[in-house]
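Overview (structure and organization)
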Amino acid sequence: MKKAVAHAALDELKGFFDQGFTEERPFVFGLGTGSTVAEFWPIFHKYLQTTNQKNVVIIPTSHQSKQLVLSSSCRYPLVEPQQYPTVDCLVDGFDEIELCQGGMLKGGGGAHTLEKLVAQCSKHTIYIGTYEKVGEKLGNREVAIPVEAEHVRFAKAIKAKWDLSLLTWAT
Ligand SMILES: O=C[C@H](O)[C@H](O)[C@H](O)COP(=O)(O)O
């Protein structure tokens, strides 16, 4: 089921590549965290390779997503938000979505801060997840949300660009 979700996300992403990105203006892609994203990444990576996309940079949202990219022998550079403060598209997982109010719960994998910072930088965000995560209201799945300790090296650079109230909320 996660594979089907991953393919659906890829279908959404394909349209971005009509734009013709350049070295100076690459496609800045945010890679989320979690097991659904781990299914998505090899499919997307294969697409990038087979369509011979050249101008793509990747911002991982956690140590786990960085490792995911590194372990796939990816030739696209891993970059940080202070280098590319505007992300073209982020693909990330979620833990729950509620139908009644449209709320969403994330962070079950312990990735909080970077995911939210990158989401805030992103012009487009695609959240991927299987249907059992969708319910009438949040709290049905009893997801344990771990507390995260994260050293955000580039917080100062981002602070200069963003609304301070966001940074207060995100960290
Ligand atoms: O901290 C983790 C992230 O928010 C994940 O995107 C979320 O927990 C979903 O993870 P999974 O795809 O493994 O259910």
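Residues numbered from 1 in each chain as written. Predicted model: local features only at pLDDT ≥ 70, side-chain atom pairs only at ≥ 80, totals over all residues. Heavy atoms only, no water.

1. Some remarks on the packing of helix α1 (residues 2–14) against helix α2 (residues 35–50)
Put simply, the test is: Axes here refer to lines fitted to C-alpha atoms; in helices the fit is confined to the stretch in contact. Angles between the N-to-C directions go from 0 to 180 degrees. Strands here are runs of E lasting at least two residues and helices are runs of H or I lasting at least four, both read from the DSSP assignment and numbered beginning at the N terminus. Angles below 35 degrees are treated as roughly parallel, those above 145 as roughly antiparallel, those between 65 and 115 as roughly perpendicular, and all remaining angles as oblique. Put simply, a crossing is left-handed when the front helix is turned counterclockwise from the back one by less than a right angle, and right-handed when it is turned clockwise. The contact criterion used throughout is that any non-hydrogen atoms of two residues lie within 4.5 Å. The classification used treats Ala, Val, Leu, Ile, Met, Phe, Trp, Tyr, Cys and Pro as nonpolar, Asp, Glu, Lys and Arg as charged, and all other residues, Gly among them, as polar.
Contact geometry for α1 and α2: axes closest at 9 Å, N-to-C directions at 50°. In terms of orientation, α1 and α2 fall into the oblique class. As α1 packs across α2, the resulting crossing turns out to be right-handed. Along the contact surface, α1 presents K2, K3, V5, A6, H7, A9, L10, L13 and K14, while α2 presents S35, T36, E39, F40, I43, F44 and Y47. Tallied by class, the residues present in the contact of α1 with α2 amount to nine nonpolar, three polar and four charged.

2. Concerning the packing of aromatic side chains
Defined as follows: For this analysis, a ring pair means two rings from Phe, Tyr or Trp (six-membered ring only for Trp) whose centres lie within 6.5 Å, classed as stacked if their planes differ by under 30 degrees, edge-to-face if by over 60, and tilted for the remaining angles. A 1.4 Å probe rolled over the protein chains alone gives each residue an accessible area, and that area as a share of the maximum for its type sets the label: buried under 20%, exposed over 50%, partly exposed in between.
Counted according to the given criterion, the structure contains eleven aromatic pairs. Note on F17 and Y47: the rings are 5.8 Å apart at their centroids and 55° apart in plane angle, and the pair reads as tilted. Residue F17 is located in the loop between α1 and β1 (27–31), and its partner Y47 is located in helix α2; the two are separated by 30 residues in the primary sequence. Neither residue differs from the other here; F17 and Y47 are each classed as buried. A ring pair is formed by F29 and F44, whose centres lie 4.6 Å apart and whose planes are at 50°; its orientation type is tilted. Taken as a pair, F29 in strand β1 and F44 in helix α2 lie far apart in primary sequence, 15 residues in all.

3. Overview of the environment of S122
Mapping S122 onto the fold places it in strand β6 (residues 122–128). Between the alpha carbons of S122 and F29 there is a distance of 8.7 Å; along the sequence they are 93 residues apart. In contact with S122, not counting residues within four places along its chain, are V87 and L90.

4. What to know about the site of the ligand
Operational definition: The cutoff for a nearby residue is simple: one of its non-hydrogen atoms must lie within 4 Å of the molecule or strand. Think of a polar contact as two N or O atoms within 3.5 Å of one another; within protein, one of them needs to be a possible hydrogen donor and the other a possible acceptor, and neighboring residues in sequence only count if both atoms come from side chains. For accessible areas, the Shrake-Rupley method is used with a probe of radius 1.4 Å. Any residue's cover is judged against the shown protein chains and nothing else.
In the vicinity of the ligand, 16 residues are found, and the nearest of them are T33, S35, T36, G107 and K133. G93 is positioned such that a nitrogen or oxygen atom in its backbone is 3.3 Å from an oxygen atom of the ligand. Coverage of the ligand by the protein amounts to 91% of the 370 Å² it exposes when considered alone. Elements with a contribution of two residues or more to the shell around the ligand: α2 and β3 (87–93).

5. Looking at the nonpolar core
Note the threshold: The nonpolar core is taken to be a set of buried Ala, Val, Leu, Ile, Met, Phe, Trp, Tyr and Cys residues, with the residues joined through side-chain atoms within 4.5 Å.
Ranked by size, the top nonpolar core spans 27 residues in total, and within it L13, F27, F29, F40, F44 and I58 carry the most contacts. The residues contacting L13, other than those within four sequence positions of it, are F27, F29, F40, F44, C89, V91 and I126. V28, V79, V87 and C121 belong to the second-largest nonpolar core, a separate cluster that totals eight residues.

6. Comments concerning the sheet that holds strand β5 (residues 104–105)
Stated formally: Criterion used throughout: strands pair if DSSP finds at least two bridges between them.
Spatially, β5-β4-β7 is the arrangement adopted by the three strands of the open sheet, whose pairing is mixed. Lying at the two open borders of the sheet, with one neighbouring strand each, are β5 and β7 (134–135).

7. Digging into the confidence of the model for the protein
Just so we agree on the cut-off: pLDDT expresses, on a scale from 0 to 100, how confident the predictor is about each individual residue.
When pLDDT is averaged along the protein, the result is 87; 86% of the residues meet or exceed 70. Overall fold confidence for the complex sits at a pTM of 0.87, while the interface term, ipTM, reaches 0.95.

8. Brief notes about α2
Residues spaced three or four apart along an α-helix face the same direction, because each turn holds 3.6 residues. Note the threshold: Expected span of a helix: the number of residues minus one, times 1.5 Å.
In a regular helix each residue adds 1.5 Å, so 16 residues correspond to 22 Å; α2 covers 24 Å between its end C-alpha atoms and thus fits that length. Looking only at α2, the buried set comprises T36, V37, F40, W41, I43, F44, H45, Y47 and L48. Here the buried face of α2 lies against α1, β1, β2 (56–60), α3 (63–70), β3 and β6. Downstream of α2 by one or two residues, N52 has phi in the positive range, about 55°.

9. Quick look at the environment of I59
Topologically, I59 is positioned in strand β2. Assessed through its relative accessible area of 1%, I59 is described here as buried. Residues I59 and H151, 92 residues apart in the sequence, show an inter-C-alpha distance of 16 Å.

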